[in-house]
Structures are given as C-alpha cells and as structure tokens.
Amino acid sequence: MVIPRAVVDRIRAQRLRRLPAETGGFLLGMRRGHHLEITGATEQQAQDVATAYTFERRDPAHARAIESEWRRSKALITVLGDWHTHPYGSGDPSGMDKKAWRTLARAVAQPVIGLIDAGTPLPTFFYTREKTLFASTFKLDVISEEAADLAYSR
C-alpha cells in the first residue's frame, strides 16, 4: 500500500485542528490487483459526530466527494478504507474500529485499509480482509519512507 506524504500531512493537520475530539473520513484511491494506492481522503463535515473517543461519518458530503472522484477518474478512484484519529492513547484499533472495517469490507466486497493517527511519528495502518465466515485485520509495517510517499506492507 502506498500513500502520499501530502495526504498524511492533511490528516495530521486535521487531527491537530480537531483536538481534543477525534476526527476522520474515508480513504480514496486505486486498486491495482492486490496493491492499493491511496490518492486522497475526505475530511470531517458539519453533520459528522465527534467526541474525545468516537467519530461517526454521518454527513452525505462524504458520499458526494467519493462519487465525484469516481466520476472524475472514470471509475479508477474508489473507497479504499477509512481514517480517524485517537486524541488519547495509542494507534491500536478498538473493537468498534475493527467492526467498522469489517462492515466496510463487506460493503465494498474488497479488502480495506484503516488508518489511525494517534500523534505518533507515523500513522498506523491496518488491512482488513473480509472472508465468507470471518474477517481478518492485520497491522501493516512501513517498508519505505520516501520524500513524497510512504509504503506499507504485511
């Protein structure tokens, strides 16, 4: 999985702007076989609900942004996962986080990426694969830190 540092920087700026509450959005990008390339992200909108320990994407603006990118890219860019922040504690996913990723993986019928920014040097990424009987979530490791991009793998 590859993500531009510019997208990470935007997410980090949103985290700082929204403290002490969580914030979040969806991760957008391209699927190239088993490879995922994140190209952008939606951000918190007016109708989303954020507290110090939860974030709920409720605003229809997320869906409009996703559809707009999908149309603009001629169906190449789609939802790859979601991101949110943890103002307190670690970048480890909660049970609610894992459940949300499983639900999203089922909805898109594809594996998804979860990003948690807890203010550590780099955000934490997770890969959730939905299977017929169960879902599996794996933490991804940084394999490359280039000037413009970060690359993660299992």
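For the structure, check the block above.
Reading guide: rules and limits
Residues numbered from 1 in each chain as written. Predicted model: local features only at pLDDT ≥ 70, side-chain atom pairs only at ≥ 80, totals over all residues. Heavy atoms only, no water. Helix = DSSP H or I, 4+ residues; strand = E, 2+ residues; numbered from the N terminus. Rg over C-alpha atoms; globule rule 2.2 N^0.38 Å. Buried < 20%, exposed > 50% of the residue type's maximum accessible area, 1.4 Å probe, protein only. Contact = heavy atoms within 4.5 Å. Lys, Arg positive; Asp, Glu negative; His and termini not counted. Charge placed at Lys NZ, Arg CZ, Asp CG, Glu CD. Salt bridge = Lys/Arg side-chain N within 4 Å of Asp/Glu carboxyl O.

**Comments concerning the overall build of the chain**
Item 1. Summing up its helical and strand segments, the chain has three helices and 11 strands in all.
Item 2. Along the chain direction, N to C, the helices and strands of the chain fall in the order β-α-β-β-β-β-α-β-α-β-β-β-β-β.
Item 3. Over its C-alpha atoms the chain spans a radius of gyration of 14 Å, differing by no more than 12% from the 15 Å that the globule rule assigns to 154 residues.
Item 4. Seen through its C-alpha atoms, the chain measures out along the principal axes to roughly 40 × 40 × 35 Å.
Item 5. Each of the 154 residues in the chain was classed as buried or not, and the buried ones make up 42%.
Item 6. Taking the intrachain contacts of the chain between residues at least 6 apart in sequence as the baseline, contacts between residues at least 24 apart amount to 60%.
Item 7. Of the charged side chains in the chain, 22 are positive and 18 negative; the average position of the first set lies 4 Å away from that of the second.

**Observations regarding the pattern of salt bridges**
Item 1. For the structure on display, the rule yields eight salt bridges.
Item 2. With its nearest N and O atoms 3.7 Å apart, the salt bridge here joins Arg 5 to Glu 145. Of this pair, Arg 5 sits in helix 1 (residues 5-18) while Glu 145 sits in strand 10 (residues 141-145), and the two are 140 residues apart along the sequence.
Item 3. Looking at Arg 5, the relative accessible area reads 25%, which means it is partly exposed.
Item 4. Residue Arg 57 is joined to Asp 82 by a salt bridge in which the shortest nitrogen-to-oxygen separation is 3.7 Å. Highlighted residues: Arg 57 in the loop between strand 5 (55-56) and helix 2 (61-72) and Asp 82 in strand 6 (residues 78-85), separated in sequence by 25 residues.

Geometric values such as these leave the question of function open.
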